[in-house]
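Single-letter residue listing:
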Amino acid sequence: MEIFYFNITPLRNKNIFAEKLKEVSFERLAKIERLKKQDDKFRCLGAGLLINYVKNRFGIDDDIMIAKNGKPHFTKEKRSFNISHSGNYVVIAASEYNIGIDIQRMEKSNSLIAERNFCASECAYINENDNQEIKRQRFHEIWTIKEAYLKNIGIGLRKPLNSFEIDLSGDNPKIIDNPGYAILQMKLDNLYIMAVCADVRDKEFLIREVEL
C-alpha cells in the first residue's frame with residue numbers, strides 16, 4: 001500500500017494551472033470544464049495529476065474506467081487505487097488489494113449528524129470528552145473511517161453509515177463483524193484527517209507528499 005498526497009495550493013496560480021492542464025487526459029479536462037466552482041477545478045486537476053504520478057511510478061499504461069458502483073479502476077492493470085480530496089488536499093492510495101481512502105477538513109463537530117448517521121457506541125466515543133476540539137476530531141475520525149471502508153468495498157454512501165459499527169476501544173480502529181480490513185488513520189496537519197481502509201494482507205506501507 002502506497003499513499004500519496006498533494007497540496008493543490010500551487011494550482012491556484014493561473015499560469016501553473018494552465019500548464020498542468022496540458023498533462024491530464026481529455027476525459028479529465030472535460031470533467032474539469034464541467035465543474036462550476038474554481039476550487040473544485042483545482043482539486044479535480046490535482047486528482048488527475050496524482051493518477052498520472054501513480055501510473056508513472058508503477059509503469060502502468062492503462063485507461064481508467066468507472067465501475068457500475070462508481071468506483072474507478074484500471075481497465076487491465078490489477079492494482080487498485082482510490083482517491084479523495086478535501087480543502088487544499090488531494091490524496092490517492094494504491095495497492096495490490098482493494099483499498100479505500102478518505103480525507104476531510106475537520107470542521108465543527110455536529111451532534112445531530114452524528115446521531116443520525118453513527119452507531120450509539122460511536123456517538124458515545126465522541127461525547128465522552130467535553131473538549132470541543134477532541135469532539136471535532138473524533139467526529140471526523142469516525143466519518144473518514146466509514147467512508148474509506150465503503151469506498152474499499154465499492155458501495156459508497158449508498159450503504160447507511162450506521163449499518164456497520166467501528167470498534168474504537170483499542171489502539172487501532174476495527175470494523176466490527178468484518179475482520180478482513182485494517183484501518184490506518186493520520187492527520188496531515190491540524191485541519192485535515194485521513195483514513196485508509198486496506199486489506200489485512202496488505203502489510204507494507206509508504207506515505208509520501210508529492211510536489212507537482
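Residues numbered from 1 in each chain as written. Predicted model: local features only at pLDDT ≥ 70, side-chain atom pairs only at ≥ 80, totals over all residues. Heavy atoms only, no water.

Further remarks concern the sheet that holds strand 9 (residues 181-187). Adjacent strands of a sheet pair through backbone hydrogen bonds, lying either parallel or antiparallel. If you walk across this open sheet you meet the 3 strands as 6-10-9, and the pairing is antiparallel. Pairing within the sheet leaves two strands with one partner each, and these edge strands are strand 6 (99-105) and strand 9. In this sheet, neighbouring strand axes are inclined to one another by 15° on average, regardless of whether the strands run parallel or antiparallel. Here 7 bridges tie strand 9 to strand 10 (residues 192-199), and the two strands are oriented antiparallel to one another. Following the sheet pairing, Tyr181 is matched in strand 10 by Asp199. Along the sheet, helix 6 (residues 132-153) makes contact with strand 6, strand 9 and strand 10, crossing strand 6 at roughly 150°. (Pairing = 2+ DSSP bridges. Helix = DSSP H or I, 4+ residues; strand = E, 2+ residues; numbered from the N terminus. Axes fitted to C-alpha atoms, helices over the stretch in contact; angles between N-to-C directions. Contact = heavy atoms within 4.5 Å.)

Bringing the pairing of strand 6 into the picture now. Taking burial as the measure, the 7 residues of strand 6 include 6 buried ones, the bulk of the element. Pairing between strand 6 and strand 10: 7 bridges, direction antiparallel. Looking at strand 10, one finds that Asp102 is bridged to Ala195. (Buried < 20%, exposed > 50% of the residue type's maximum accessible area, 1.4 Å probe, protein only.)

In low-pLDDT segments, the atomic positions of the prediction should not be examined closely. For the protein chain, the average pLDDT comes to 91, and 98% of its residues sit at 70 or higher. Mean pLDDT per element in the protein chain: strand 2 (residues 64-66) is the minimum at 77, and helix 1 (residues 14-21) is the maximum at 97. (pLDDT = per-residue confidence, 0-100.)

Direction vectors running N to C along helix 2 (residues 26-34) and helix 3 (residues 38-58) enclose 165°, while the axes themselves pass 9 Å from each other. On the basis of the axis angle, helix 2 is roughly antiparallel to helix 3. The handedness of the crossing between helix 2 and helix 3 comes out as right-handed. Note on element contacts: helix 3 touches helix 2 through Lys41, Cys44, Leu45, Ala47, Gly48 and Ile51, opposite Arg28, Lys31, Ile32 and Glu33. In the contact of helix 2 with helix 3, the residues fall into 5 nonpolar, 1 polar and 4 charged. (Parallel < 35°, antiparallel > 145°, perpendicular 65-115°, else oblique. Left-handed = near helix turned anticlockwise from the far one by under 90°. Nonpolar A, V, L, I, M, F, W, Y, C, P; charged D, E, K, R; others polar.)

With that out of the way, let us pick up the sheet that holds strand 4 (residues 80-86). Strand order in the open sheet formed by 4 strands is 4-5-1-11, and the pairing between neighbours is mixed. Edge positions in the sheet fall to strand 4 and strand 11 (206-209), since each has one partner strand and no second. Taking each pair of neighbouring strands and ignoring which way they run, the sheet shows an average axis angle of 15°. Pairing geometry for strand 4 and strand 5 (residues 89-95), over 7 bridges, is antiparallel. Following the sheet pairing, Ser86 is matched in strand 5 by Tyr89.

In this section: the pattern of salt bridges. For the structure on display, the rule yields 10 salt bridges. In this structure, Glu19 engages Lys22 in a salt bridge whose closest nitrogen and oxygen atoms are separated by 3.1 Å. Residue Glu19 is classed as partly exposed on the basis of its relative accessible area of 46%. On the basis of relative accessible area, Lys22 is assigned to the exposed category, the value being 62%. In this structure, Arg201 engages Asp199 in a salt bridge whose closest nitrogen and oxygen atoms are separated by 2.9 Å. A relative accessible area of 53% means that Arg201 is categorised as exposed. (Salt bridge = Lys/Arg side-chain N within 4 Å of Asp/Glu carboxyl O.)

What follows is about the layout of surface pockets. Space inside the largest pocket adds up to approximately 720 Å³. For the largest pocket, the lining is made up of 26 residues, of which Arg28, Lys31, Ile51, Ile64 and Ile66 are closest to its centre. If you tally residues by element for the lining of the largest pocket, the top one is helix 3, at 7 residues. Split into classes, the residues belonging to the lining of the largest pocket amount to 11 nonpolar, 7 polar and 8 charged. Taken as a whole, the second largest pocket spans an internal volume of roughly 200 Å³. For the lining of the second largest pocket, the per-class residue count stands at 6 nonpolar, 1 polar and 6 charged. (1 Å grid on protein atoms, 1.4 Å probe; cavity = no way out; pocket = protein on both sides within 12 Å on 5 of 7 lines; lining within 4 Å. Points joined across faces, edges and corners; volume = space filled by probe spheres on them.)

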